Structures are given as C-alpha cells and as structure tokens.
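What follows is the residue order along each chain.
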Amino acid sequence: MSAPPQPQRLLVVEDEEHLAAGLKLNLELEGYVVDVATSARQASERLVRAEAYDALVLDVMLPDLDGFALCRKLRDAGNFVPVIMLTARSSAADRVKGLEAGADDYLAKPFELAELLARVRSALRRRAWERDAGGSGRAATLRFAEAEVDFEKHEVAVGGEARKVTRLELDLLRYFAENPLRVLSRHEILEKVWNIRNSNQTRTVDNFIARLRRHFEADASSPRHFLSVRGAGYKFIPNPE
Ligand code: CA
C-alpha cells in the first residue's frame with residue numbers, strides 16, 4: 001500500500017487581487033495547494049521556509065521589489081524552486097532578463113489559463129525529474145578537471161570547494177556535458193537550453209560562457225574546456241590533452 005501523493009504547493013506572487021484570487025481558484029481546481037503573496041516582502045517571508053513550495057508563479061510588477069529582483073534574490077540565497085514569471089511585456093529581451101534572473105519560464109500577460117497550467121505542470125515535472133535521479137535519463141553527474149557536478153542535488157565543487165552556480169549556468173553546463181566535443185551554435189544553445197527561439201540575444205550565451213569559464217577554468221582568459229569556435233559557437237572538451 002502506498003500513501004496517497006502529497007498535493008503540490010504553489011505560491012502565487014501577484015498584487016492585483018482579482019487576478020491573484022482567480023489564479024488561486026483555478027490552480028486549486030487542478031489539485032494544488034495555493035498560497036498568495038501580494039508583495040515581494042510577503043513572498044520572501046513565506047519563502048524563508050525554503051523548500052515549502054514546489055513552484056512559484058511570480059508577477060514582475062509588484063509594489064515593492066520587482067519580480068526579476070525577487071527571483072535573483074532567491075537564487076543568490078540558494079533557493080532553486082521553479083519560478084514561472086508573469087509580465088505584461090513579451091519582448092525577447094525581457095524574456096532573457098527573466099531567465100538571467102534565474103526564472104525557469106516566462107509568460108506574457110494576458111495569457112490563457114490553459115497555457116499557465118501547462119507551464120506549471122511542466123515546471124513541476126522538471127522538478128520531479130531532478131529529484132528522481134536517473135528518472136530522466138539525463139546526465140546526473142559530471143566530473144572534469146577539478147570539477148565535480150551533481151545536477152540533481154545542484155551541488156558543484158571545484159578542487160573540493162563548494163561553488164555557488166545558478167540554475168541557468170547549470171542548465172548550460174548540463175547541455176555541454178551531454179554534447180561533448182561538438183560545436184554548439186549560440187542559437188542552438190538559446191533554443192535547446194533555455195527554450196528561446198528566433199532570438200538575436202546571442203550575447204546572452206557569451207555572458208553565460210564567461211561565467212562558466214570563471215567557475216571552471218584554471219585561467220578564464222585561456223580556456224581549455226569551454227572553447228570558442230570562430231564563427232560557429234562553442235565546444236566543451238572535458239579532458240583536453
Ligand atoms: Ca502585478
């Protein structure tokens with residue numbers, strides 16, 4: 001006999017009360033347990049109990065701190081709960097801004113309820129995969145040079161010392177780990193790692209490569225593992241000669 005599954009807990013962070021109430025109701029109809037915070041401060045207080053929520057639906061426009069800043073604060077504090085950001089804006093630049101702040105997904109207002117529900121399900125599924133090592137068939141760990149990376153536990157050590165690496169950095173590293181020695185174009189990385197299509201935000205990729213080099217290269221200015229391939233993209237070499 002197995003125990004019935006625990007309901008999944010969501011936190012909706014939205015100051016417009018009608019919208020917040022509507023989201024809460026509809027998410028509860030899907031079987032989730034839903035709390036609402038109407039400011040970033042209220043959200044932070046609830047999130048002090050770090051693992052209490054399975055996902056966040058986070059509005060960008062809040063009365064105190066904006067959603068990007070709140071998300072970044074969470075990630076800096078080592079909280080990697082899935083975050084779906086809601087915003088009135090839908091440009092690729094804003095989407096990238098959300099992702100760089102550490103959001104997992106991004107939905108422009110006004111959105112269809114069905115679309116939000118689909119995004120929530122997919123964020124929770126991904127969360128479950130990450131918890132269930134091996135269940136996803138994806139790379140669970142990576143060792144190269146001085147680095148040890150546990151993708152499921154979100155733990156990174158270099159030379160035996162723990163490093164704080166963001167979710168987005170880890171996503172990119174994992175894609176490299178799954179495609180070693182292959183040249184990956186910036187567009188492929190945007191699309192496959194962060195699900196951004198038809199974007200010219202290729203500089204974002206360069207920024208993330210720079211971050212990986214700072215974390216993992218002995219000398220970030222002459223990389224041996226994360227190589228630039230002129231006019232083509234980047235290549236990951238786990239064990240250079
Ligand atoms: Ca709002």
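Every value quoted in this text rests on a predicted model; they were computed, and no experiment measured them.

*Asks:* Just checking my understanding: could you explain the domain arrangement of the chain for this structure?
*Replies:* Interface size, as often reported, equals the accessible area lost upon joining of the parts. Domain annotation for the chain reports domain 1 (9-131) and domain 2 (135-236). Its C-alpha centre places domain 1 at a distance of 25 Å from the equivalent point of domain 2. Facing 14 residues of domain 1, the contacting portion of domain 2 comprises 18 residues. Linking domain 1 with domain 2 are one salt bridge.

*Asks:* Even after reading the chapter, I still don't get the coordination of the calcium ion, so can you show me in this structure?
*Replies:* Tetrahedral metal sites with four donors have an ideal angle of 109.5 degrees; octahedral sites with six donors have ideal angles of 90 or 180 degrees. For the calcium ion, the protein coordination sphere consists of Glu-14 (OE), Asp-15 (OD), Asp-59 (OD) and Met-61 (O), at 2.1 to 2.7 Å. Within one chain, the residues serving as donors to the calcium ion are arranged as E-D-x43-D-x1-M. Of this pair, Asp-15 sits in the loop between strand E1 (9-13) and helix H1 (17-29) while Met-61 sits in the loop between strand E3 (55-59) and helix H3 (67-76); the two residues are 46 residues apart in sequence, bridging distant segments of the chain. Judged by relative accessible area, which is 53%, Met-61 ranks as exposed.

*Asks:* I tried to follow the sheet that holds strand E7 (residues 147-150) on my own but got confused; where do I start?
*Replies:* Strands in a sheet are paired, the pairing made by backbone hydrogen bonds, and the direction either parallel or antiparallel. Taken in spatial order, the four strands line up as E6-E7-E8-E9 in an open sheet, and their pairing is antiparallel. Single-partner strands in this sheet number two, and they are strand E6 (141-144) and strand E9 (161-163). The sheet shows a mean angle of 20° between the axes of neighbouring strands, taken without regard to direction. Both strand E8 (residues 155-158) and E9 contribute to a ladder of three bridges, which runs antiparallel. Bridge pairing in E9 places Ala-157 opposite Ala-162. Each of E6, E7 and E8 is contacted by helix H6 (residues 167-178), which is oriented at about 75° to E6, the strand it contacts most.

*Asks:* Which parts of the structure should I look at to understand the pattern of salt bridges?
*Replies:* Proximity of charged atoms lets side chains of opposite charge pair with each other. Evaluation of the coordinates by the stated rule reveals 16 salt bridges. Two residues, Arg-182 and Glu-188, come together in a salt bridge whose shortest N-O distance is 2.7 Å. On the basis of relative accessible area, Arg-182 is assigned to the partly exposed category, the value being 34%. Residue classification places Glu-188 among the buried residues on the basis of a relative accessible area of 18%. One salt-bridge network, held together by shared partners, links Glu-14, Glu-16, Asp-59 and Lys-109.

Rules of the game
Residues numbered from 1 in each chain as written. Predicted model: local features only at pLDDT ≥ 70, side-chain atom pairs only at ≥ 80, totals over all residues. Heavy atoms only, no water. Domains from an automatic or database assignment. Contact = heavy atoms within 4.5 Å. Salt bridge = Lys/Arg side-chain N within 4 Å of Asp/Glu carboxyl O. Donors = N, O, S within 2.8 Å, 3.2 Å for Na, K, Ca; no water. Helix = DSSP H or I, 4+ residues; strand = E, 2+ residues; numbered from the N terminus. Buried < 20%, exposed > 50% of the residue type's maximum accessible area, 1.4 Å probe, protein only. Pairing = 2+ DSSP bridges. Axes fitted to C-alpha atoms, helices over the stretch in contact; angles between N-to-C directions.

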